[in-house]
Amino acid sequence: MNQKKGGFLISEKEIKERVKAIADEISRDYNGKNPLLVGILKGAFIFLADLIRELSIDAEVDFLAVSSYGKATETSGEVKILKDLSESIDGKDVIIVEDIVDTGLTLKYLYELLKTRNPNSLKICVFLDKKERRVVEVPVHYVGFEVPDLFLVGYGLDFAEKYRQLKYIRELTPEEVKNV
Ligand code: 5GP
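### Concerning the overall build of the protein chain
Move 1: Secondary structure assignment for the protein chain yields 4 helices and 10 strands.
Move 2: Ordering the α and β elements of the protein chain from the N terminus gives β-β-α-β-α-β-β-β-α-β-β-β-β-α.
Move 3: The C-alpha radius of gyration of the protein chain comes to 16 Å, within 12% of the 16 Å expected for a compact globule of 180 residues.
Move 4: Overall, the protein chain is about 50 × 35 × 25 Å in size when its C-alpha atoms are taken along their principal axes.
Move 5: Taking all 180 residues of the protein chain together, 42% fall into the buried category.
Move 6: Of the contacts formed within the protein chain by residues at least 6 apart in sequence, a portion of 63% connects residues at least 24 apart.
Move 7: Accessible surface, the protein chain: about 9,400 Å² in total, of which carbon and sulfur atoms supply 49%.
Move 8: Charged side chains of the protein chain number 27 positive and 31 negative; the gap between the two group centres comes to 3 Å.

Printed below as a string of structure tokens:
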């Protein structure tokens, strides 16, 4: 992770290493269990796909789709469930997998929602953490990278549905914001 002349960047190699390290931690913590990874769409799909392939334990997958910012780069604080889980999580060891935690509003809402559904355990795993932006407290158990307050794209994170395919994370330039 560094500040190169092109702006903030997390390289493909750094991402691979970190995802493997988190997967090892989860495999240890859930040894003998079969956790359910709940990916938050759309942003978390790439992180979840890489994470599950590095696990050395069995795991199940489900997805929740929530409303995004649309074309704006600031959160409205409103969370709308666009697609709910396909099965009950009653008695399961659930890990919410999210691309980024910013104000914490989205994850706080989802954490409280899933808690009401009686899982055996509930944890949160985020790829990126913009800690300094937090407005509400949310228990984040696994973190890929702590990042500064910049608008970031790549590795599943978009801006107006672009840049998700990048294999690295980078800062969005002011010109790119203007050219939507
Ligand atoms: P929060 O509710 O924590 O403020 O925001 C979480 C959501 O905001 C994330 O799931 C993501 O969709 C969006 N978000 C926050 N910061 C960024 C960012 O730097 N880049 C992108 N692409 N999305 C972000």
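### Side note on the pairing of strand β3 (residues 36-41)
Move 1: The element β3 is extensively covered by neighbouring structure, given that 5 of its 6 residues are classed as buried.
Move 2: Pairing analysis gives 4 bridges linking β3 to strand β6 (residues 93-101), with the strands arranged parallel. Paired with V38 across the strands is I96, a residue of β6.

### Notes on the pattern of salt bridges
Move 1: Applying the stated criterion to the full structure yields 16 salt bridges.
Move 2: K16 serves as the salt-bridge partner of E12, at 3.8 Å between the closest nitrogen and oxygen. One end of the pair, E12, and the other, K16, are both in helix α1 (residues 12-29), 4 residues apart, so they sit about a helical turn from each other.
Move 3: Note that R53 is salt-bridged to D50, the shortest N-O span being 2.8 Å. Residue R53 and its partner D50 are located together in helix α2 (residues 45-54), separated by 3 residues, close to a single helical turn.

Conventions we followed
Residues numbered from 1 in each chain as written. Predicted model: local features only at pLDDT ≥ 70, side-chain atom pairs only at ≥ 80, totals over all residues. Heavy atoms only, no water. Helix = DSSP H or I, 4+ residues; strand = E, 2+ residues; numbered from the N terminus. Rg over C-alpha atoms; globule rule 2.2 N^0.38 Å. Buried < 20%, exposed > 50% of the residue type's maximum accessible area, 1.4 Å probe, protein only. Contact = heavy atoms within 4.5 Å. Areas by Shrake-Rupley, 256 points an atom, 1.4 Å probe, with all protein chains shown as cover. Lys, Arg positive; Asp, Glu negative; His and termini not counted. Charge placed at Lys NZ, Arg CZ, Asp CG, Glu CD. Pairing = 2+ DSSP bridges. Salt bridge = Lys/Arg side-chain N within 4 Å of Asp/Glu carboxyl O.

Read these as spatial facts, not as claims about activity.
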